[in-house]
Amino acid sequence: YPELAADAAEVLRTLAPKERTVQRQDGRWFLVRIVPYRTLDNMIDGVVLTFVEVTDQKRAQRMEENLALYLQGIVDTVRDPFLVLDRDLAVLTANRSFYDSFRTSADETLKQPIFDLGNGQWDIPALFRAATLPDRTPTPAPAVPRISEG
C-alpha cells in the first residue's frame, strides 16, 4: 500500500505501534501491523510488519451492514410507531413514525433502555412484565404513553 513507508517511519519516530486495514488490487483485504523491532540489547533496530488476511471478515462486515440497511428499510415502511429492542431491552432501531409520534430523535433513542426513553415515560410496570416474560410467550400489548398537545 502506498503509505507503508510513511507508516513505518512514523512507528520508528514515535515508537507507537500502528494498525491499518488495506485492500490489494486483487480485492483481498489485510490487517497490517507495524511495531518497533527491539534487539536483545533493548535498542530499536527497525520495524516488524505483519500481514493478516481479513477478507472473510470484511465480507461478513459488509454483509452485516447491507442487512442492517435492508432491515431498516423494512422497519421504515411500517406506518405505526415501531421499535426493535435487543435482549437487554435497549433500542436497536426505530422508525420515522416513532420519532414523529413521540417527538424524539435517533440520538435520544438508539441504544437507550426502553424504560429510560422520554424521561421515563416508558417506565410502565405492565410493559416491563410483558417484555421480560421468561418464556417470551406473546401477551397483549400494554398501554403506551400518549403525547398530549399543548
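Described in the following lines is the structure provided in the data block. (Residues numbered from 1 in each chain as written. Predicted model: local features only at pLDDT ≥ 70, side-chain atom pairs only at ≥ 80, totals over all residues. Heavy atoms only, no water.)

### Comments concerning the sheet that holds strand β1 (residues 18-23)
Pairing is antiparallel in the open sheet, where 3 strands are placed in the order β1-β2-β3. Two strands bound the open sheet, and with one partner strand each, they are β1 and β3 (44-53). When the angles between neighbouring strand axes are averaged without regard to direction, this sheet yields 25°. Across 6 bridges, β1 lies against strand β2 (residues 29-38) in antiparallel orientation. Pairing of Lys-18 across the sheet is with Ile-34, part of β2. Across the sheet, helix α2 (residues 55-77) lies against β1, β2 and β3, angled at about 130° from β2, the strand it touches most. (Pairing = 2+ DSSP bridges. Helix = DSSP H or I, 4+ residues; strand = E, 2+ residues; numbered from the N terminus. Axes fitted to C-alpha atoms, helices over the stretch in contact; angles between N-to-C directions. Contact = heavy atoms within 4.5 Å.)

### Concerning the environment of Glu-10
By the secondary structure assignment, Glu-10 is in helix α1 (residues 4-14). Considered as a pair, Glu-10 and Ile-34 are 24 residues apart in the sequence and their alpha carbons are 9.7 Å apart. If near-sequence neighbours (up to four positions away) are discounted, Glu-10 is found in contact with Leu-15 and Lys-18.

### What to know about the environment of Pro-2
Within the fold, Pro-2 resides in the segment before α1. The class of Pro-2 is exposed, set by a relative accessible area of 78%. Counting along the chain gives 20 residues from Pro-2 to Val-22, while the straight-line C-alpha distance between them is 9.9 Å. (Buried < 20%, exposed > 50% of the residue type's maximum accessible area, 1.4 Å probe, protein only.)

### Looking at the side chain of Thr-109
In this structure, Thr-109 sits in helix α4 (residues 106-109). On the basis of relative accessibility, which here comes to 1%, the residue Thr-109 falls in the buried class. In this structure the side chain of Thr-109 is engaged in a polar contact, spanning 3.3 Å, whose partner is the side chain of Thr-104. With residues up to four places along the chain from it excluded, the contact list for Thr-109 reads Leu-83, Val-91, Ala-94, Phe-98, Tyr-99, Thr-104 and Leu-117. (Polar contact = N/O pair within 3.5 Å; in protein donor to acceptor, adjacent residues only side chain to side chain.)

Nothing here speaks to function; it is all geometry.
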